[in-house]
Amino acid sequence: MPTGGITVPPRYRYEEIADDLEKRIEAGEFSPGARLPSRRELIEHYGVTEPVIDRAMQNLRAKGITETLPGVGVYVRER
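Overview of the structure. What you see is a predicted model, and the numbers here were worked out from it, not measured in a lab.

The next subject is the nonpolar core. One finds I17, L21, L36, Y46, I53 and M57 to be the most contacted residues of the largest nonpolar core, which totals 17 residues. Every element with two or more residues in this core is listed here: α1 (13–26), α2 (39–46), α3 (50–62) and β2 (73–76). With 5 residues, α1 is the single largest residue contributor to this core. With sequence-adjacent residues up to four places away left out, M57 is seen in contact with L21, L36, L42, T66 and V74.

Spanning 14 residues, α1 covers 20 Å between terminal C-alpha atoms, matching the ideal 20 Å at 1.5 Å per step. Within α1, the full set of buried residues consists of Y14, I17, A18, L21, E22, R24 and I25. One side of α1 holds all its buried residues, which, seen down the axis, span an arc of 160°. Looking at α1, the residues exposed on the side facing more than 90 degrees away from the buried face are K23 and E26. For α1, the secondary structure elements touched by its buried residues are α2, α3, β1 (66–69) and β2. G28 sits one or two residues past α1 and shows a positive phi near 95°.

Attention shifts here to the layout of surface pockets. In this structure, the largest pocket occupies an estimated 270 Å³ of space. Surrounding the largest pocket, 14 residues form its lining, R39, D54, M57, T68 and V74 being those nearest its centre. Elements represented by at least two residues in the lining of the largest pocket include exactly α2, α3 and β2. The leading source of residues in the lining of the largest pocket is α3, at 5 residues. A class-by-class count of the residues in the lining of the largest pocket yields 6 nonpolar, 4 polar and 4 charged.

The next subject is the pairing of β1. Sheet analysis places β1 next to β2, joined by 4 bridges and oriented antiparallel. Note that in β2 the partner of T66 across the bridge is V76. Here β1 hands over to β2 after 3 residues, with G71 in that stretch at a positive phi of 80°.

Reading the values: the criteria
Residues numbered from 1 in each chain as written. Predicted model: local features only at pLDDT ≥ 70, side-chain atom pairs only at ≥ 80, totals over all residues. Heavy atoms only, no water. Core = buried A, V, L, I, M, F, W, Y, C linked by side-chain atoms within 4.5 Å. Buried < 20%, exposed > 50% of the residue type's maximum accessible area, 1.4 Å probe, protein only. Helix = DSSP H or I, 4+ residues; strand = E, 2+ residues; numbered from the N terminus. Contact = heavy atoms within 4.5 Å. Expected span 1.5 Å × (residues − 1). Arc of directions from axis to C-beta. 1 Å grid on protein atoms, 1.4 Å probe; cavity = no way out; pocket = protein on both sides within 12 Å on 5 of 7 lines; lining within 4 Å. Points joined across faces, edges and corners; volume = space filled by probe spheres on them. Nonpolar A, V, L, I, M, F, W, Y, C, P; charged D, E, K, R; others polar. Pairing = 2+ DSSP bridges.

Purely spatial values, then, with no claim about function.
What follows is the structure, encoded as structure tokens:
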């Protein structure tokens, strides 16, 4: 561990995924009103388990970036 430096705590995978999706939304890959890929597609894309994707989606919803329509999908909210 370096001395005198600030140590950054490790990040959870769900945080990394939420940040990546947020950047992709900001870059216009997913515009307001667009549906995000399905849970299955996200699991395959990121190589993680369902609970990790669910937690990432909760993170985005808590930030007001997305909204979930149960049984329909996750959509990018209007800013």
